[in-house]
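In case you want the letters, here they are:
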Amino acid sequence: MDRYILIIACVLRVVRCYSSGEVTEACDDMAPQHFVTAQQSPAPFSVTADRSSFKEGDEITVRLLADSTPFIGFMLQARAVNGSSPLGVFTVTGGEAQLLTCNGQPKSAVSHTSASAKLSIQGTWRAPTSDGLNSIQFSASFVIDFSIFWVGVTSYPVTFSGTTATPANSTSIPITSTTSASSTAVFPSQSSLSISSAGCGSSKVCFRQPLNCDPGVSPDCYFLSAMTSTRDTAIHLEMTGPSDGYIAIGFSDDQMMGNDDIFICGRDSNGFIQLQHAYSTGRRRPDIVPLGNVSDVKSSMQDDIISCSFTTRSPISIPRSVRSSSPYYLMFAHGPTSNGEIGHHTSTFLSDTKMDISRPRGITNAIQPPIIKAHGALMLIAWMTTGSLGMITARYLKGVANGKECWHDVWFLVHVFLMTLTVAATIIAFILSFSHVRGWSGGAHPVLGCVMMILAFFQPIVAMFRCGPHHRWRFLFNWSHALNAVAIKVLAVVAIFTGLSLIDSSEDKWLLKVMGGFVGWEATLYILLDVHMRCKCSDNEEGASESACKALLLLVLFFLGNMAFLGALLVGIAMS
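Each residue is numbered by its place in its chain's sequence as written, counting from 1. Per-residue local features are limited, in this predicted model, to residues with pLDDT of at least 70; the limit for side-chain atom pairs, both in listing and counting, is 80 or more; totals at the level of whole chains, interfaces and linings are taken over all residues. The side-chain values count all of the structure's non-hydrogen atoms but skip hydrogen atoms and water molecules.

(A) Structural context of the packing of helix α5 (residues 474–503) against helix α6 (residues 510–535). Axis lines are fitted to C-alpha atoms, over the contacting stretch for helices. Their N-to-C directions set the angle, which ranges from 0 to 180 degrees. Elements are defined by DSSP. Helices are runs of H or I of four residues or more, strands are runs of E of two residues or more, and each kind is numbered from the N terminus. Here α5 crosses α6 at 160°, and the two axes come no closer than 9 Å. As summarised for this structure, α5 and α6 are arranged roughly antiparallel, according to the angle between their axes. For the pair α5 and α6, the sense of crossing is right-handed. For the pair α5 and α6, the contacting residues are Lys 489, Val 493, Ile 496, Phe 497, Leu 500 and Ser 501 in the first and Leu 511, Leu 512, Met 515, Gly 516, Val 519, Glu 522 and Tyr 526 in the second. Should an angle fall under 35 degrees it is called roughly parallel, over 145 degrees roughly antiparallel, and 65 to 115 degrees roughly perpendicular, with every other angle called oblique. Left-handed describes a crossing whose near helix is turned anticlockwise from the far helix by less than a right angle; the clockwise case is right-handed. Between two residues, a contact is recorded if the distance between any of their heavy atoms is within 4.5 Å.

Dropping the structure here:
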């Protein structure tokens, strides 16, 4: 008889503790008193809030979501980041949950246990007075059954702000994300998130720029990895790279922007790193969409290197493909942010082939679209070959025959022909770039290119309306024409350098080095030609012929050197 009484007493105790969810004994560690250890694997649950910032008295809607496995019990608190005491006041919206008094603070926690399993539940939390509070996280424990439960599943940090908070569906505010008990969101001031190339080709698909870089070693490495789960639809994604605002990864059915599934990791309006989910339609700013079934989020920013890792169980959604294992073109972009909103990307990298992220393979090369390669090739030909030859002809060769009228006509026709080709190539290259981007891209390159294009366009127009050779104001045209040509050349060279820096995928930046040698070669030949022009002292026919031969020899050397450097750069662009 005593044995039966003991059994009944034990059962009654279990019913008393969990039938209503009023478990104040668990206020401190939020762990159910089940005498078993909490699960250490990533939690199949998430905690989200409808705001990323708050002020005193604000109400925040908090949701607890299950990926696929429902829960029968939970406990929820709001705590300061890295804090241990509950904050604020909860309101029961469904009538089923139980409000708890923890650490002497009424209604500072919510719990519930039910025989009916749930996939989601929602409540409201009212913010307390700040008292030096900077940010809070919502922390929850989830119970599937007596022996299976998770503790410390947290939301993305919600920061205290002196201004009115903004709903999370706004494009300027991050959709909240979740972390498991063993991983929390990392602030910029904390240690960096460890992401490396270990496992590339064997356990995960990797995409990086420059080729073969390791983000664990090189700070200039842009890196993306994807690893799928063999048990469910989970995809673990990592991305890192230097940026002053954000980095983003995209999955696309083609190599053009538009209809792409995108994840963005960047600064919010308070300087914290946020994870956002977006979808692009056309060439405009991507639309922020609900983050979906995302968990195990980690993020950091250190020395302007942004890093994020997370697990998503939501299917990647692009036209003609909504399966997690479909082949995609991988995209990587980075650019600035302003008040939490992303700006136009500074640079993008695309995979050269479609990737099935469920099949680990070696590194994929990042390539530039053919239209961008054509743009770069035309600009190089225009301003490092035809333009250079045209300017040399005008400056150094028009006087080598010492007044012979026929030669005067020849050098002028050569000059006009070469510069016409140069301006035509520039216009075509300009149209190609804008037809591809269909908008204004960030950085110095488009600014330099547009200024150079304007000056180059008006240079021949002004020349057509010049005054006669013996007009008293002719010197004004001569000087303005020459100075404008120098300005165009300098702007073109700088623009080419900035353009090559955007597409150079080599770790040692050899394209930039070759371009540096190219500029040095041209400068050397310019100096030699200038010295030759100033030092020629003979006015007789024999001396003039010798001078012309030397000038032509230097011109041939100039042309051969240009062809060598130009060929190397064109090959490099074709391979980028």
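(B) View of the layout of surface pockets. Here a cavity denotes a set of grid points, spaced 1 Å apart and computed over the protein atoms alone, in which a 1.4 Å probe fits but from which it cannot get out, and a pocket denotes an open set meeting protein on both sides within 12 Å along at least five of seven lines; residues with an atom within 4 Å of a point are reported as lining. Grid points are joined across faces, edges and corners, and a volume is the space filled by probe spheres set on the points. In this model, the largest pocket occupies a volume close to 1,600 Å³. What lines the largest pocket is a set of 41 residues, among which Ala 394, His 415, His 481, Ala 482 and Ala 485 lie closest to the centre. Counting only elements with at least two residues in the lining of the largest pocket, the list comes to α2 (370–397), α3 (405–437), α4 (444–464), α5 and α6. With 13 residues, α5 is the largest single contributor of residues to the lining of the largest pocket. Classifying every residue of the lining of the largest pocket gives 29 nonpolar, six polar and six charged. As a working rule, the residues Ala, Val, Leu, Ile, Met, Phe, Trp, Tyr, Cys and Pro are called nonpolar, Asp, Glu, Lys and Arg charged, and the rest polar, with Gly in that last group.

(C) A look at the pattern of salt bridges. Each reported salt bridge corresponds to a side-chain nitrogen of Lys or Arg within 4 Å of a carboxyl oxygen of Asp or Glu. One pass over the full model with this rule turns up six salt bridges. Glu 238 is the partner of Lys 204 in a salt bridge, and the nearest nitrogen-oxygen pair spans 3.2 Å. Within this pair, whereas Lys 204 is found in the loop between β12 (178–179) and β13 (205–209), its partner Glu 238 is found in strand β15 (residues 235–242), the two being separated by 34 residues in sequence. To sort residues, take the accessible area from a 1.4 Å probe on protein chains only and compare it with the maximum for the residue type: under 20% means buried, over 50% means exposed, and anything in between is partly exposed. Lys 204 gets classed as buried once you look at its relative accessible area, which sits at 8%. A residue is classified by how much of its surface remains accessible, and Glu 238, at 12% relative accessible area, is buried. Ionic pairing is found between Lys 354 and Asp 253, a salt bridge with its closest N-O pair at 2.8 Å.

(D) Region of interest: the packing of aromatic side chains. Ring geometry is summarised as follows: Phe, Tyr and Trp rings, the Trp one being its six-membered ring, pair when their centres sit within 6.5 Å, and such pairs are stacked at plane angles under 30 degrees, edge-to-face over 60 and tilted between the two. Enumeration over the complete set of coordinates arrives at 14 aromatic pairs. Pairing Tyr 222 with Phe 332 gives two aromatic rings, centres 5.6 Å apart and planes at 65°, and the pair type is edge-to-face. With Tyr 222 in strand β14 (residues 222–228) and Phe 332 in strand β22 (residues 327–335), this residue pair connects regions lying 110 residues apart in the sequence. Each member of the pair Tyr 222 and Phe 332 is classed as buried. Here the aromatic rings of Phe 263 and Phe 310 are separated by 4.9 Å at their centres, their planes lie at 50°, and the arrangement is tilted. One end of the pair, Phe 263, is in strand β17 (residues 260–267); the other, Phe 310, is in strand β21 (residues 305–312), with 47 residues separating them in the sequence. Put simply, the rings of Phe 71, Phe 74 and Phe 142 touch in pairs and so form one group of aromatic residues.

(E) Summary view of the nonpolar core. Ranked by size, the top nonpolar core spans 29 residues in total, and within it Met 239 and Phe 332 carry the most contacts. Listed in part, the 26 residues of the second largest apolar core include Ala 43, Ile 60, Phe 142 and Val 158. We define the nonpolar core as a collection of buried residues of types Ala, Val, Leu, Ile, Met, Phe, Trp, Tyr and Cys that are connected through side-chain atoms lying within 4.5 Å of one another.

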